[in-house]
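What follows is each chain in one-letter form.
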Amino acid sequence: MQELFENLKNIFKKDISILWIFSAVLGLALVALDLRNKLPLRAGDFAFISILILCVAMYRPRWVFYIFISLVPLENIILASGYLPLQLRPYQFVGAVLAIAISILWAARHLNFKLLKPAWLDWLVFSLVPLSFLPLITAQAKSAIIKNNLILFSFVVLYFLVRNFVRTKRHLLETVFFTLAGNLVVLAYGFGQVFADKFGRNSFEVFFGRPNAAFTEPDWLGIYLCFMLAILLSILYFLCHPAHSRKFLEKITNVVAYVLVFLDLTLLILTLSRSAWVGAAGLIFFFLIFSLYEKKNSGPVFTPKKFAKNFAAMVAIIVLSLAAVHFGRLSKFDIFDRARSTATSEQKITIACDNDENIPEYITDTSELSSYNCLHINLEDIKSFQSRGKYVTEIFRKDPNVATRSEIYQKSFEILKKNPLFGIGFGTISQTLGTDSRGSGLNESNIFLQVWAGTGVLGLTFFTVLLAYLAIFSLRRLSPACPLNHFIGCPVARGEFEQFLNVFLFLGLVGLILPNLFNAGLFMGIWWIGLGILTSVSKIQN
């Protein structure tokens, strides 16, 4: 732990601290410009800023890398469009400029570090790009596949960028530090939407009553918040022991981590993303399990005090988050009904009827309402219908989201069974699945199905092996029992910092994978940047 805090002290040096503040302010400024319709940039402005950032990147590439990390959450902000073949987000722009700067410095032999020699895990990631072109052999929508494959290639480049810059313990901590700058921007934007909606102002939400912050939809915000919870819980894991809370820096870090967990969890609840709720539940579960014992060379040593403290802290944070949402009336939806519908597949809806006679308590589909002279209405329309003399009440129906997702899985399997070897190409399955209520194309709603569809069975195999290896790598060092010790060995983490790395690695995987079992988030920046960080974590320990 002493090593951890010695590295933390280096983070708060003047240049890094100023850069961190600049990154957070830059993120907020980009959000403000987007809300005021000042983005995308005009071609001339874009060219000028490109040259400026290129010059900075050639002088201080690591500075630009940390700015890139802080901008990753800005998924819904388009920096350049129209004069480029693809829409460019801020982090994609900064990452691309940084990659160009590194290429120039390397060619001129002025790069102050050696480029990373790819490990076999990296080659598994790289292989997804050529494999993504195999569906072109049989596919008809070739232009759509090529476009999505180019986007995939750009994400793989950003992944390798992270791998090159996160190679030591100090650089890992600094990278995590700058992810928190982006997290603050997301929290400010997300809660800004919540309170704007609460007080009747324009909230810029994609879905009514559900914050999406700088993401294209609430579910993607939920995925991002899950990964941030993984980072914060990993930090709290090592700050719960009394011996680790005596120094001022340790106390401040502890308090800040608890506050951020509370804010992230509260915003995650408000997204109403049930897949993110499952992800958060999984994170808290494993966080508490790891708090129950410490793996030593002599065997597991149970730590009931650490577990009790972390359990009490998690219960308190969850209760406070739910209380803030409920008593603060931060959501127009019934949070507890939303949670109940996850288990029962029943959803509470609001209806307006001519009178209050013979109204059913449960229906299968809203098409049945016409026989009762009723109509399914949105929450924002309640006052309008009441003013017209309608009787407004709530009943239950079979949750269409559960049925739709089950139907998506079934159809996706049927499609992929016909093209198991090569897949059908990224972005093409919506032509069969159709569109949602907004007119957006439906996707596979599962990241493994998405990879299978885009890269075929070989790509799915490589993708699964990559994630399985990282999970086993961490569990070998964390699990108190090792039934496969004869085959794979079960080493013990060397010191508390390595223990921190393994907890972070496993929780990070849970945060990325679990919510994506019900979403297709492969084309999110946080997925690739998170994967790059976690792969680097496994290599830092070797």
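What counts and how
- Residues numbered from 1 in each chain as written.
- Predicted model: local features only at pLDDT ≥ 70, side-chain atom pairs only at ≥ 80, totals over all residues.
- Heavy atoms only, no water.
- Buried < 20%, exposed > 50% of the residue type's maximum accessible area, 1.4 Å probe, protein only.
- Helix = DSSP H or I, 4+ residues; strand = E, 2+ residues; numbered from the N terminus.
- Contact = heavy atoms within 4.5 Å.
- Phe/Tyr/Trp six-rings, centres within 6.5 Å; stacked < 30°, edge-to-face > 60°.
- Lys NZ or Arg CZ within 6 Å of the ring centre and 35° of its normal.
- Disulfide = S-S within 2.5 Å.
- Pairing = 2+ DSSP bridges.
- Salt bridge = Lys/Arg side-chain N within 4 Å of Asp/Glu carboxyl O.
- Expected span 1.5 Å × (residues − 1).
- Arc of directions from axis to C-beta.
- Axes fitted to C-alpha atoms, helices over the stretch in contact; angles between N-to-C directions.
- Parallel < 35°, antiparallel > 145°, perpendicular 65-115°, else oblique.
- Left-handed = near helix turned anticlockwise from the far one by under 90°.
- Nonpolar A, V, L, I, M, F, W, Y, C, P; charged D, E, K, R; others polar.

Asker: Can you explain helix 4 (residues 61-71)? Please cite residues and give values.
Answerer: Counting buried positions along helix 4 yields nine of eleven residues, so the element is predominantly enclosed. Three or more residues of helix 4 are buried, namely Pro61, Val64, Phe65, Tyr66, Ile67, Phe68, Ile69, Ser70 and Leu71. Those residues of helix 4 that are buried are in contact with helix 2 (14-35), helix 3 (43-59), helix 5 (90-107), helix 8 (142-165), helix 9 (169-198) and helix 21 (525-540).

Asker: Mind laying out the packing of aromatic side chains, listing which residues take part and the relevant values?
Answerer: The full count for this structure, using the stated rule, is 28 aromatic pairs. Look at Phe65 and Phe165: their rings are 4.6 Å apart centre to centre, the planes differ by 10°, and that puts the pair in the stacked class. Of this pair, Phe65 sits in helix 4 while Phe165 sits in helix 8, and the two are 100 residues apart along the sequence. Ring plane angle 65° and centroid distance 6.3 Å describe the contact between Phe208 and Phe333, whose orientation is recorded as edge-to-face. Of the two residues, Phe208 sits in the loop between helix 9 and helix 10 (218-237) while Phe333 sits in the loop between helix 13 (304-327) and helix 14 (335-344), which places them 125 residues apart along the sequence. Assessed through its relative accessible area of 32%, Phe333 is described here as partly exposed. Among the aromatic residues, those joined into a ring-pair cluster are Trp20, Phe65, Tyr66, Phe68, Phe113, Phe165, Phe177 and Phe178. Here the guanidinium or amino end of Arg477 rests over the ring plane of Phe473, the centre of that ring lying 3.9 Å away.

Asker: Explain the side chain of Asp197 residue by residue, including any values.
Answerer: Within the secondary structure layout, Asp197 lies in helix 9. We classify Asp197 as buried; its relative accessible area is 15%. Excluding residues within four positions of it along the chain, Asp197 makes contact with Ser203, Glu205, Phe208, Gly209 and Lys332.

Asker: Go over the state of the cysteines with me, naming the residues and quoting the values.
Answerer: The tally for this structure, following the rule as stated, stands at one disulfide. The disulfide bridge from Cys353 ends at Cys374, spanning 2.0 Å between sulfur atoms. Torsion about the S-S bond of the Cys353 and Cys374 cystine: about 110°, corresponding to right-handed handedness. With Cys353 in strand 3 (residues 346-353) and Cys374 in strand 5 (residues 374-376), this residue pair connects regions lying 21 residues apart in the sequence. Taken as a pair, Cys353 and Cys374 share a single burial class, namely buried.

Asker: Which residues make up the sheet that holds strand 6 (residues 391-398), and what values do they have?
Answerer: The mixed open sheet is built from four strands, whose spatial order is 4-6-3-5. The open sheet has two edge strands, strand 4 (362-363) and strand 5, and neither has a second partner. Alignment of strand 4 against strand 6, held across two bridges, turns out to be parallel. Directly across from Ile363, in strand 6, lies its bridge partner Arg397.

Asker: Outline the pattern of salt bridges, supporting the account with residue identities and numerical values.
Answerer: One pass over the structure, following the stated rule, counts 13 salt bridges. For Glu75, the salt bridge identified is with Arg89, shortest N-O distance 3.5 Å. Taken as a pair, Glu75 in the loop between helix 4 and helix 5 and Arg89 in the loop between helix 4 and helix 5 lie far apart in primary sequence, 14 residues in all. Per residue, the accessibility class of Glu75 equals that of Arg89, and both read buried.

Asker: How would you explain the environment of Ser321 if you had to name every residue and give the values?
Answerer: Residue position: Ser321 is located in helix 13. Taking the C-alpha atoms as reference points, Ser321 and Thr266, 55 residues apart in sequence, are found 5.0 Å from one another.

Asker: Tell me about helix 16 (residues 400-418), and please be specific about residues and values.
Answerer: Compared with the 27 Å implied by 1.5 Å per residue over 19 residues, the 27 Å span of helix 16 between its first and last C-alpha is a close match. Of the residues making up helix 16, those classed as buried are Ile408, Ser412, Ile415 and Leu416. In an axial view of helix 16, the angular spread of the buried residues amounts to 90°, which keeps them on one side of the axis. For helix 16, exposure combined with an orientation more than 90 degrees from the buried face picks out Gln410, Lys417 and Lys418. Contacts made by the buried residues of helix 16 are with helix 17 (430-433) and helix 18 (447-478).

Asker: How would you summarise the packing of helix 4 against helix 5 if you had to cite specific residues and measurements?
Answerer: One way to put it is that helix 4 packs onto helix 5 with a least axis distance of 8 Å and a crossing angle of 160°. Put simply, helix 4 runs roughly antiparallel to helix 5. Between helix 4 and helix 5 lies a crossing whose hand is left-handed. Contacts from Pro61, Val64, Phe65, Phe68 and Leu71 of helix 4 reach helix 5 at Pro90, Tyr91, Val94, Gly95 and Leu98. A breakdown of the residues in the contact of helix 4 with helix 5 according to their chemical character gives nine nonpolar, one polar and no charged.

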